[in-house]
Structures are given as structure tokens and as C-alpha cells.
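So you can see what is in the structure, the chains are spelled out below.
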Amino acid sequence: MATEVEEAVPAGGAEEIKPYKIHVSSKYLDLTKQKLEVTRLPHELSDTKSKDWWEPKSQIEPLIDFWLEQYSWREQEELLNTEIPQFRTGFSIPSSEAIIRIHFVHVQSSHSNAIPLLLIPPFPFSNLSFGHLVKQFTDPEDVEHNQPFHLVIPSLPGVGFSDALPNNTPVISSTADILNSLMSRLSYPYYLATNASSGSASPAEIDFKLVDYLATNYPGSCLGAHFISPPLEQPKLRESLVEWAKWSIASLFQAPILGYRNEDFSALERNGNVRSSKKTPTPAQFGLNQLGLREPNTLAYALCDSPTGLLVFVLKSLRLLGSKKEFTPTEIINFTELAWLPGPESSMRFWAHCVRHPEVEKKTTSRPRIGITVFLGDESSTSTTAEAGATDSVQDDAKDHYTCPSWANAKYNVIYSNRAAGKSGLLAWERPEIIVAGVKGIAASLLKWDSRLRRSTEPTSASEPAVVPLQQVVVQSDTVGDQPASEPAKPAPALLTPSSAEERGQPRREISDETAVGSIENVASKSSSPGPKAPSPVHLAPPGNERVHPRRQASDDTAVEQSNNEG
């Protein structure tokens, strides 16, 4: 049974919406540097590259050197704090006494006709990686013909700087409950919701399941949803006689009739359908589901202790998602830091719980209004990597298994559809205009007969002075004490680089005093000296006499040589 989320009202006002600023402990940054400097990479054979698996060493070594010598977390941290309005608020779950604090980005449009929009970031990416989307939604060009939106981008529980859900909590229903309550708390009684990537390629189909749950179970507040490549099956007789008959006739004659098009049949022949059998699909079909995570702790223990391991995991994820975008070293390290600093373990557990405990769908009589975007997969696959054999395999894994938009009519009221060319890939970076077009399409259709979106009350201002200043929710400061919060600035239109992160108030790894990353509350209890001043942009580069360049050329391929003057 779904866990109901209640608006929490504990002492201290955890239900208040508090501005949030990132400040990671210098002690933790130093620990990251130390771990990178002693990285030990696996041996790789010097002969012909394997056709069966990816050999990442040629990519990993330069990124480690860049991370150590050129990358500045403090610069990225400052960008996030000044250009993305971040907030946090708490919710209680009846199954636990703990308060679950949700971190989110909230940007209000300056236009009076703006509509509230809840954008679900692709799991397991941080919401802070999507600052480049803000202007397209909140301040579009030619507002008379382009619908603006008030934008809310939450960090899912256990991802980034949102607290994790308690163990044994149904994650999809509980998360959807929290997100619906968040929109209500922001004074958005009615809103739209959208995915930002392929729902089928999402780990355990998390992205799709969240938006689907909101649209299906909260039709009184979530008035419409935009699905991207949803994992839907062809209509069945027992579900909808009419839609089953339409599909049966159209597919029999392979004819563009009854809501189907020639592109649907060619795309099905080219890509196949994600669910080709009556059995529940395995989690290892394509995309990140190739990793099929069922037991999280083995991988979590490894990644929590190795920034290099997490970097490899990030690169592999980008490959499995079929990215054609050439991310800069800074962007790749940002992706990694946003998982490394708060810790990846809770997102792993979120993922594994969804795989092992799929939630039974509630039977509802309502047919949610949705928009749907699918990809025809008719674009020729190209790749810039030299590893042709391994790349071909990755491209096969990353293809979008096709869903005919009309299939959705068996369960939903489809009011907008778009058959886009090519593959979805990393849509939010490569073709964000498709996400925007889908949301605008469903908004335009809804506004023709449903005026509730226009009647949304004035939302809580993101920079309203009455909001409690950020205090105890700040991650550990370099010096003991509270860090004052400044009023968040409106995001710059050119924010294209995914940026930094922060540690949770409740530290993840308080195992030993040497490695624990404490919060403000527990810093004073430890006998530590005040932290150093904020480092310069080159603070991660070690002095020339401390590190031979490159570090990792000590023995054949694997050992990391310590410099001669290390103790």
C-alpha cells in the first residue's frame, strides 16, 4: 500500500521552505584529492582492443589528472550558489519518525500567464545538472506564442542533497506523494509534470513510473503529464476492447489508419518494442537497465570509497544512454562530484528497491491527460570512438525500443503526441527543445478546456524575505558556525555546465573520525582545528615537487607511484 506523506510540523519548522547553499568541507575535498592521487588502475593488454567490452583507461587517466590539477570544486560550488535558486523543505512519512528533507530548484517566471511545471530529472542525475534548461521554460522568446512556466526541479530522495527514504519504504508511491505535497506547499494547487529523458531507458523505469504515478493518482492536482519514450505495451483485449481492435486492424494491414501511421510500423520493425512478452520485463533490457542493479551495497561500498570508480560508473552510464554529446572534462567531473560528495549509496538503494519490489498499480477509473514523445530511431548511428566493436554493442543497448503513441489510449487520454527523428540519447543536453515542445503541446491542449492552471494562486516567492534563512541545513562549513544565506539570484541564461553539490546535514560516512564528513551540528564535538580559507581556483593542483606528472606511470599499468618525498 502506498505510504501517505504528511506535511511535517516538528519543532523548528521543518516544513518551512529554506534557501539552500552548498559548502563542502575542505577536509572532504582533501580526502578526495588523496584518494585520486593513490588511484590504482587495472592492467590492460597492449594488443588489439577487445570487441566484447569497453576499455576505458585511455579516457580515465586524463580525467583523473584533470580532476587533480585543473578542476576547481569551489568555482563550481560558487556557480551553483549564485546562479541556481536552491531550497530545501522537510516531510514526514508515517512509517518513520525521521523528517525527509527534499532539495529542489525553484525558478518563477516573470510572466503572468506562467504555468507550474514539475520536471523530474533523469535518475540518477542530480537536479543541479539542469540549470541550462531554466530559461527555455521560464523566459522563452516570443512569449505570446510560447507558453512560460514556473519551474520546479526536485532532487529525488537519496539523490544529491535530498535525504534518503527509510528502508522498506515503497519508493515510487512515497516519492510521488512527496513531490505532490511539495507542489502544494509551493502554493501550486494545479501543475503539469514531465520526464526529461527516455522513461524506458531509465533504471528500473523510475523516471516513467514517477510521472505516471503522479498523473494517475493525483488527477486533481497533476492535470497533465508528458511522457518521453514510455515503456507501454500494445493494447490488450481485457484492458480496452476499442483500442485493441484499432491496433489489431491497423497492424494486420500495416496501414496508416485509426490513429496509427506508417512511421509507427517502420519504427517497430527497426527497433522492436520494449515489452514483447506477457511477462514482466527484466530490468536488464537496455540503457542503464543493462546494469540491472538488484543488490546495492556491494557496488555502493566500492563507489563510496573510490572517486575514480564512480567516475568510471558515470562514463559507462553516459555510454549506455547513447550520448552523442561530447561533454567537457569539467562537465564529466561535475556529474561525478554531484554523486561523490553526498554519497551514491542511497541512490543505489533507491534503484535496487525499485527493481526488487515493483509496486502494484492501483485500479483507477480516470484516464489521465498526457502528452507523449517517442523516437523513430531512423537516424544513422555514428560514433567518434576508436573502439568500434564495443561501440556497436553500446549503440544496440542504447536504442529506443518503440512505443506507438496510440497504444497509450488504452489507459490514458492522449492529447498531444510527437514522433521525433533519431534516438532519445541524453535529451536534456542534446535536444532539450523536444522536452520543451512536448510540455508546451500538452499545456496548449489543456488550456483549451481546463482553466484551473490559470487559476493557480500566486506561488511562494523564491526570494521572499519571510522565508527562514538557511542555517542548520548547510553542509559543514570550513569554520564552526552558521553560514549566512544570501538571496538567491535568478539563473543566468548561459548556465550550461552541470555544477556542484553539497553534503547532507546527516553525514553518510561517520565511520571514523579520520574520514567522516560532519555537519555543522557535530563539528563542534570533534577536536579539529578551524578549516582553511576558501582555496583558490587551482587549489586542487598539488605543488610541483609533490607529484610527478603523470602520477600513474610507476609500474606497467596499475601501480600509482608515490613521490619520493612522501612520508
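Residues numbered from 1 in each chain as written. Predicted model: local features only at pLDDT ≥ 70, side-chain atom pairs only at ≥ 80, totals over all residues. Heavy atoms only, no water.

Please set out the environment of L299 residue by residue, giving values where relevant.
Position of L299 among the secondary structure elements: in helix α9 (residues 296-305). The spatial distance from the C-alpha of L299 to the C-alpha of E345 is 8.3 Å, given a sequence separation of 46 residues. (Helix = DSSP H or I, 4+ residues; strand = E, 2+ residues; numbered from the N terminus.)

Any details on the nonpolar core? Residues and values, ideally.
The tendency in soluble globular proteins is for nonpolar side chains to be buried side by side. Counting residues in hydrophobic clusters, the biggest one holds 128 residues, and the most contacted among them are L118, F137, L192 and I206. Discounting residues that sit within four places of it in the chain, I206 has contacts with F123, L156, I172, F350, W351 and C354. (Core = buried A, V, L, I, M, F, W, Y, C linked by side-chain atoms within 4.5 Å. Buried < 20%, exposed > 50% of the residue type's maximum accessible area, 1.4 Å probe, protein only. Contact = heavy atoms within 4.5 Å.)

Run through the pairing of strand β7 (residues 191-194), naming residues and quoting values.
Burial along β7 is two-sided: the face carrying Y191 and A193 and the face carrying L192 and T194 are both buried. You can see the chain leave β7, run along helix α6 (residues 206-217) and come back into strand β8 (residues 222-228), and the turn it takes is right-handed. (Right-handed = clockwise from strand over helix to strand, strands pointing away.)

A description of helix α11 (residues 329-340) should follow, citing residues and the corresponding values.
With 12 residues, α11 should cover 16 Å at 1.5 Å per step; its first-to-last C-alpha distance of 16 Å lies within 8% of that length. Of all the 12 residues making up α11, nine are buried; the element is thus mostly covered by neighbouring parts of the structure. Those residues of α11 lying buried are E331, I332, I333, N334, F335, T336, E337, L338 and W340. (Expected span 1.5 Å × (residues − 1).)

So what's going on with a nonpolar patch on the surface? Which residues, and what values?
Together, I249, L252, F253, I257 and L258 give the surface a local cluster of nonpolar side chains, amounting to about 490 Å² of exposed area. Looking at the secondary structure, you find I249 in helix α7 (residues 241-253). (Patch = residues over 30% accessible without salt bridge, like charges linked within 9 Å, V, L, I, M, F, W, Y side chains within 5 Å. Areas by Shrake-Rupley, 256 points an atom, 1.4 Å probe, with all protein chains shown as cover. Salt bridge = Lys/Arg side-chain N within 4 Å of Asp/Glu carboxyl O.)

Can you lay out empty space enclosed by the protein for me, pointing to particular residues and giving the numbers?
Going through the model one piece at a time under the given rule, you end up with seven cavities of 30 Å³ or more. Considering only enclosed or pocket space, the largest cavity measures out at about 300 Å³ in volume. What lines the largest cavity is a set of 22 residues, among which P124, F125, V314, F335 and A339 lie closest to the centre. Those elements that place two or more of their residues in the lining of the largest cavity are α10 (307-320), α11 and α12 (345-356). Per-element tally for the lining of the largest cavity: the top contributor is α10, with five residues. Looking at side-chain class alone, the lining of the largest cavity contains 15 nonpolar, seven polar and no charged residues. (1 Å grid on protein atoms, 1.4 Å probe; cavity = no way out; pocket = protein on both sides within 12 Å on 5 of 7 lines; lining within 4 Å. Points joined across faces, edges and corners; volume = space filled by probe spheres on them. Nonpolar A, V, L, I, M, F, W, Y, C, P; charged D, E, K, R; others polar.)

Lay out the packing of aromatic side chains in plain terms, naming residues and giving numbers.
Under the criterion given, the structure shown has 18 aromatic pairs. Centroid distance F125 to F130: 6.5 Å. Interplanar angle 85°. Geometry classified as edge-to-face. Each member of the pair, F125 together with F130, is buried. When the centroid spacing of 5.9 Å and the interplanar angle of 80° are considered together, the rings of F327 and W429 count as edge-to-face. Of this pair, F327 sits in the loop between α10 and α11 while W429 sits in helix α14 (residues 427-430); the two residues are 102 residues apart in sequence, bridging distant segments of the chain. You'll find F327 and W429 in the same group, each marked buried. An aromatic cluster of at least three residues, connected via ring pairs, comprises F125, F130, F327, F335 and W429. Here the basic side chain of R185 rests over the ring of F91, its NZ or CZ set 4.1 Å away from the ring centre. (Phe/Tyr/Trp six-rings, centres within 6.5 Å; stacked < 30°, edge-to-face > 60°. Lys NZ or Arg CZ within 6 Å of the ring centre and 35° of its normal.)

Before we move on, can you summarise the pattern of salt bridges with the specific residues and values?
Applying the stated criterion to the full structure yields 10 salt bridges. One salt bridge connects R369 with D450, and the closest N-O pair in it is separated by 3.5 Å. Of the two residues, R369 is situated in strand β9 (residues 369-375) and D450 in the loop between α15 (432-447) and α16 (520-523); the sequence distance between them amounts to 81 residues. Across the pair D450 and R452 runs a salt bridge whose closest N-O atoms are separated by 2.8 Å. Residues joined in a network through salt bridges with shared partners are R369, D450 and R452.

Describe in detail the environment of W407, supporting the description with residues and values.
Within the fold, W407 resides in the loop between α13 (388-398) and β10 (413-420). With relative accessibility at 3%, the residue W407 sits in the buried group. In this structure the C-alpha to C-alpha distance between W407 and Y260, which are 147 residues apart in sequence, comes to 9.2 Å.

Give me the lowdown on the packing of α9 against α12, citing residues and values where you can.
Where α9 meets α12, the closest approach of the two axes is 9 Å, and the angle between their N-to-C directions is 160°. Looking at the two axes, α9 sits roughly antiparallel to α12. Between α9 and α12 lies a crossing of right-handed hand. Each of P296, N297, L299, A300, L303 and C304 in α9 lies in contact with α12, whose residues at this interface are E345, M348, R349 and A352. Of the residues assigned to the contact of α9 with α12, the class counts are seven nonpolar, one polar and two charged. (Axes fitted to C-alpha atoms, helices over the stretch in contact; angles between N-to-C directions. Parallel < 35°, antiparallel > 145°, perpendicular 65-115°, else oblique. Left-handed = near helix turned anticlockwise from the far one by under 90°.)

Could you give an account of unusual backbone geometry, naming the residues involved and the relevant values?
Of note, the bond from F123 into P124 is cis; its omega dihedral lies within 30 degrees of zero at 0°. By the element assignment, P124 lies in the loop between β5 (115-119) and α4 (134-138). Positioned with a positive phi, D142 is a non-glycine residue whose angle comes to about 55°. Following the sequence through the fold, D142 ends up in the loop between α4 and β6 (149-154). Residue class for D142 comes out partly exposed when judged on its relative accessible area of 44%. One non-glycine residue, E205, lies in the positive phi region at around 55°. With respect to the helices and strands, the residue E205 is situated in the loop between β7 and α6.

If you had to explain α10 to someone new, which residues and values would you point to?
Here α10 is 14 residues long and its end C-alpha atoms lie 20 Å apart, about the 20 Å a rise of 1.5 Å per residue gives. Judged by how many residues are buried, α10 sits mostly within the fold: 11 of 14 residues are covered. Buried within α10 are the following residues: P307, T308, L310, L311, F313, V314, L315, S317, L318, R319 and L320. Count one or two residues on from α10 and you reach G322, which has phi positive near 70°.

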